[in-house]
Amino acid sequence: MKVSYSWLKDYLKCDLTPAEVASAMTAIGIEVDGVEESEEIPGGLAGVVVAEVLTCEPHPDSDHLHVTTVSTGSGEPLTVVCGAPNVAAGQKVLLAQIGTVLPGDFKIKKSKIRGVESFGMICAEDELGIGSSHEGIMVLPQDAVPGTPANEFLHLKTEAVIEYEITANRVDAASHWGVARDLYAWCRLNGVPCELVPPVGDCSALLSSGSGEGVTVEVAAPDGAPCYTGVTIRGIKPGPSPEWMQKRLLSIGSHPINNIVDISNFVLFELGQPLHTFDADKIGGSRIVVRRAAEGEPIVTLDGVERKLRSSDMVIADESRPMCIAGVFGGEDSGVSNGTVNVFVESAYFDPSSIRRTSKSQGLHTDASFRFERGADPLVPLRALGRAVSLILECAGGQIAGPLQNVCAEPFKRCRIELDYQRICRLIGKEIEPSVMESILGDLGYEFESRSAEGAVVLAPSYMVDVTRECDVVEEILRIYGYNNVELPGRMKMSVSPTPNPDPEAIRNNISNFLASNGFTEIMNNSLTRKAYFSGLKTFPEDACVGIVNPLSQDLNVMRQTLLFGALETVAYNANRQVQSLKTFEYGNVYRKLEGKDATKLEAYEEHACFCLVLTGTPERSWKAAQAPSDFFRMKGYVELLLKRYGADLYQMRSEAAPADIWSEGSVYFLPGKNRALLTIGTVAPSLCRRFGVKQNVVAAEIDWNSLFELVRRDKVAFSEMPRFPEVRRDLALLLDEGVAYADLRAAAFRQGKKLLRQVTLFDVYRGDKIPQGKKQYALGFVIRDDERTLSDRDTEALMERLLEMFKKDFGAQLR
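Residues numbered from 1 in each chain as written. Predicted model: local features only at pLDDT ≥ 70, side-chain atom pairs only at ≥ 80, totals over all residues. Heavy atoms only, no water.

Caption draft 1: Region of the structure containing the sheet that holds strand E5 (residues 66–71). One open sheet holds the five strands; their spatial order is E6-E5-E4-E7-E12, and the pairing between them is antiparallel. The open sheet has two edge strands, strand E6 (78–82) and strand E12 (121–122), and neither has a second partner. Here five bridges tie E5 to E6, and the two strands are oriented antiparallel to one another. Across the sheet, residue Val67 finds its bridge partner in E6, namely Val81. (Pairing = 2+ DSSP bridges. Helix = DSSP H or I, 4+ residues; strand = E, 2+ residues; numbered from the N terminus.)

Caption draft 2: Focus on helix H9 (residues 352–362). Looking at H9, one finds that the buried residues are Pro352, Ser354, Ile355, Thr358, Ser359 and Gln362. The buried side chains of H9 occupy one side of the element, clustering within an arc of 160° when seen end-on. In this structure, the buried residues of H9 make contact with strand E18 (287–292), strand E20 (306–308), strand E21 (314–317), strand E22 (322–325), strand E24 (342–349) and helix H10 (367–372). (Buried < 20%, exposed > 50% of the residue type's maximum accessible area, 1.4 Å probe, protein only. Arc of directions from axis to C-beta. Contact = heavy atoms within 4.5 Å.)

Caption draft 3: Geometry of the packing of aromatic side chains. All chains considered together, the criterion is met by 18 aromatic pairs. Relative to Tyr742, the ring of Tyr651 lies with its centre 5.7 Å away and its plane at 85°, an arrangement referred to as edge-to-face. A residue pair is termed long-range when its members are at least 10 positions apart, and Tyr651 in the loop between helix H17 (632–644) and strand E34 (655–657) and Tyr742 in helix H20 (residues 742–753) qualify at 91 residues. Look at Tyr742 and you get buried, because its relative accessible area is 13%. Taken together, the aromatic side chains of Tyr533, Phe534, Phe540, Phe565 and Phe692 make up a single cluster linked through ring pairs. (Phe/Tyr/Trp six-rings, centres within 6.5 Å; stacked < 30°, edge-to-face > 60°.)

Caption draft 4: Main features of the side chain of Lys636. By secondary structure assignment, the location of Lys636 is in helix H17. The side chain of Lys636 sits in the buried core without any salt bridge; Glu640 is the nearest counter-charge, 4.3 Å away. Residue contacts for Lys636: discarding those within four places in its chain leaves Leu650, Tyr651, Tyr669 and Ile681. (Lys, Arg positive; Asp, Glu negative; His and termini not counted. Salt bridge = Lys/Arg side-chain N within 4 Å of Asp/Glu carboxyl O.)

Caption draft 5: How the structure looks around a negative patch on the surface. Where like charges cluster on the molecular surface, the negative patch consists of Glu31, Asp33, Glu36, Glu163 and Glu165. Listing elements by their share of the negative patch, those giving two or more residues are strand E3 (31–39) and strand E13 (158–165). With three residues, E3 is the largest single contributor of residues to the negative patch. Turning to its location among the elements, Glu165 is positioned in strand E13. Judged by relative accessible area, Glu165 falls into the partly exposed class, the value being 44%. (Patch = residues over 30% accessible without salt bridge, like charges linked within 9 Å, V, L, I, M, F, W, Y side chains within 5 Å. Areas by Shrake-Rupley, 256 points an atom, 1.4 Å probe, with all protein chains shown as cover. Charge placed at Lys NZ, Arg CZ, Asp CG, Glu CD.)

Caption draft 6: Region of interest: the environment of Pro77. Locating Pro77 in the fold gives a position in the loop between E5 and E6. On the basis of relative accessibility, which here comes to 45%, the residue Pro77 falls in the partly exposed class. In sequence terms Pro77 and Leu54 are 23 residues apart; their C-alpha atoms lie 8.3 Å from each other. Setting aside its immediate chain neighbours within four residues, Pro77 contacts Leu54 and Val70.

Caption draft 7: Spatial organisation of the sheet that holds strand E1 (residues 2–4). Read from one edge to the other, the open sheet built from three strands follows the order E1-E13-E3, with strand pairing classed as antiparallel. Of all the strands in the sheet, just E1 and E3 have a single pairing partner and so form its edges. With direction set aside, neighbouring strand axes in the sheet form an average angle of 20°. Against the sheet, helix H2 (residues 18–27) touches E1, E3 and E13, its axis set at about 165° to E3. (Axes fitted to C-alpha atoms, helices over the stretch in contact; angles between N-to-C directions.)

What follows is the structure, given as structure tokens:
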């Protein structure tokens, strides 16, 4: 947001510089991003001074030029050749000296004009950028003092624009008057001489001065529009705004349109109250109805887009159609144009939650909705209307027609708050005199209902919509008093909370670092997703989705049940931009509604965290190694490495086939000793990929964080010395049925090998025409070692024979 320094000083009369104003704003909780200064005339006419023409003679070689000598008040007089017909001796003029750069990037240089050297230029209005006349040079009053800089003589202003941000609860500072009001309290506390000048007085007499008939108002939905005011003005003349108003709007980046529209914008940035001006002749039946829209009711807004309204949306309508979306955006057919003669000016207070829902559902974010959805001042609409009407009558003419339309459901009641001064001082951490607190609150607009030595009862200002408790008032006192003015005590007390062991945050960071070091890129997706993704799925049923009451859009209407779908969206986004190969991971929460539970109770919902890993595509080609496309076993290798860091082994876990609606192949691994899933890993089903527009193979793994952390807590690191006796390696090539799994072979081998078998690996798989159909060949490697003695050949062969016999008996294996 922006405020103009000169505009701000219309309401706060003080001598603070722009930098000091910016510093004070930051101190009172209005965070300033920067101060940008701009001159009324670019360059500020540096180098242009008041000069006196001492002599003026005709040029010896020209019939229209003059040779003059001018004095700048110091140094020798200068010779200047001038072509203006009105130049004469004794005049006071503005002289651009050598080196001056005039508007238009025109630099003054020493020159020779028809044989006579000229040391500057006597300027006309248009050459200085302060007017359009070029009939002759500017002739100044005789009391002008030679040598005076032009910017000082012409009183040129340097405009400063302060850019700042406000928090969601400080919409009261979204205007020049709001900022001036806060700065006034700060100036008074810090002894800075100042005066607060309200931008508008009592306009009740003006608003009630109408005669004849005007537009009438009916508020059919007072819950959505607690206060709605308006007045009709007839006989206006749209045209350019006054120059002063255009300069004000341009200084903060708002482009002037015409006097009627500009006045609405001016009042918005002055008082923070959004207004809307209707062409009164386009209001059907000369009657406005403030109501809820019918479900699916259409309206074409100012941007030319036809929008379908919801039954919760507030609209300003005439007798037959909606004319604008209340508090959000105007309609295309009801606005002011250059041919408008009669207008109806609206100033209202709309329910913040209603405006917020409409703004989100329609995807419209305007200056009006920004203020209304955060809570505008409910008592300012009538003042803002009076300000706008007086400006329209001044700038566009016309006269008020009909009575003032002022429909308010009930009078606004200011929040009544009891204050205890001792408790306030304890909260702040410093003893502050009650008189200082009362002065701050009085300057901020609080009204004292009663006072005592111990405390007071105050009524909060209407513009502070979030001040409802004593602690809120403490915050207001402290931000004006200054956080930096609260000294740190000599001794500080603190409670030391023990760090959990193991630390979940440290473990999460270690896992993320491990994945990143292995080439994975961390992604972060929205926890809101599209309900349609879950249609027809059994693993993540649509009924288990946690819905959003007021979704931002239909694409973000439920909470995610899995991180996988966000990862698939990422794959699709990158594939559409020619990035086919990805290795990503994400950590985040997933949400689920439990079956058979009361949806109104918290117990009906479950939330837990997960890691999701995704591999897809083929890595970049290399001269050293052949391309290896992403597959299930690459992903499994990464997961095995990860689990080994925490002493876990996939082959010691119970597993079952992954759900077919999500995975074309894969496994679910369970936490040892518990029937709780730890990991699901596999190839994503092509049918699911197609829902996201993904055409390539995607391999993924989703790890339940709570189960993984349980594994980490179980892991006990113990020391063991290096083996003192050598190990023996043996291989077996086995012909097996296709249905035999390597995991089963490995588990059976360890049961048979007991203490001697240290490692089993699968180092080759063969399927082809050299073996029978329905068969496969596994080449298994075995590492054998006894930690108490050196194994003999007889010991090794005996173990291998037992293993082979077991493979034949239990799995129907044949030795190749």
